[in-house]
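Here's the letter readout for the chains.
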Amino acid sequence: VWVPLLIWLAMSDLRWLVATIFMRFQGNPWLQSSIMTLPLMGTGTLAIAIGGIALWTGQIHPVAAIWIFLAGAAAEFEGDSRSVTARALADMRRKDPDTDTS
């Protein structure tokens, strides 16, 4: 369980954790702070957070949590590659059509 959690922390740039701690320092309870900062995460990290909460509260089996964590990490990797691909396609469209040989 710890390896996917470490991957999640590395991929989320600790945004959620730091924001949650900051909200806690503002006087909010831990649960409220963690829920208030969930929108800072991407789609994959949100799934990981929900999976972590479900595992912590005993709602899911640890094996299911590992798969949720791995799927969330894969979604984050896929999201990064999708944005790079979208930028590359946009650059290709901006090329001058007179110099295009296709």
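Residues numbered from 1 in each chain as written. Predicted model: local features only at pLDDT ≥ 70, side-chain atom pairs only at ≥ 80, totals over all residues. Heavy atoms only, no water.

1. With respect to the overall build of the protein chain
Thought 1: A count of helices and strands for the protein chain gives five helices and zero strands.
Thought 2: Reading the helices (α) and strands (β) of the protein chain from amino to carboxyl end gives α-α-α-α-α.
Thought 3: Of all 102 residues assigned to the protein chain, the portion counted as buried reaches 26%.
Thought 4: Put simply, of all contacts in the protein chain between residues at least 6 apart along the chain, 43% involve residues at least 24 apart.
Thought 5: Accessible area of the protein chain: about 7300 Å², with a carbon and sulfur share of 69%. (Helix = DSSP H or I, 4+ residues; strand = E, 2+ residues; numbered from the N terminus. Buried < 20%, exposed > 50% of the residue type's maximum accessible area, 1.4 Å probe, protein only. Contact = heavy atoms within 4.5 Å. Areas by Shrake-Rupley, 256 points an atom, 1.4 Å probe, with all protein chains shown as cover.)

2. Side note on the confidence of the model for the protein chain
Thought 1: Summing up the model confidence of the protein chain, the mean pLDDT is 75 and the portion of residues at 70 or higher is 72%.
Thought 2: Within the protein chain, helix α1 (residues 2–11) has the poorest average pLDDT of any element, 65, and helix α2 (residues 15–25) the best, 83. (pLDDT = per-residue confidence, 0-100.)

3. Comments concerning the environment of Ala-73
Thought 1: Take Ala-73: it is sitting in helix α5 (residues 62–93).
Thought 2: The sequence separation of Ala-73 and Ala-47 amounts to 26 residues, and the corresponding C-alpha distance is 9.2 Å.

4. Here's the deal with α2
Thought 1: Buried within α2 we find Trp-16, Ala-19, Thr-20 and Met-23. Take α2 and look down its axis: the buried residues cluster within an arc of 100 degrees, on one side only. Turned more than 90 degrees off the buried face of α2, the exposed positions are Val-18 and Phe-25.
Thought 2: Gly-27 sits one or two residues past α2 and shows a positive phi near 105 degrees. (Arc of directions from axis to C-beta.)

5. Here's the deal with the side chain of Thr-20
Thought 1: Here Thr-20 shows up in helix α2.
Thought 2: Residue class for Thr-20 comes out buried when judged on its relative accessible area of 4%.
Thought 3: The contact partners of Thr-20, leaving out residues within four places of it in the chain, are Trp-30, Ser-33, Ser-34 and Thr-37.

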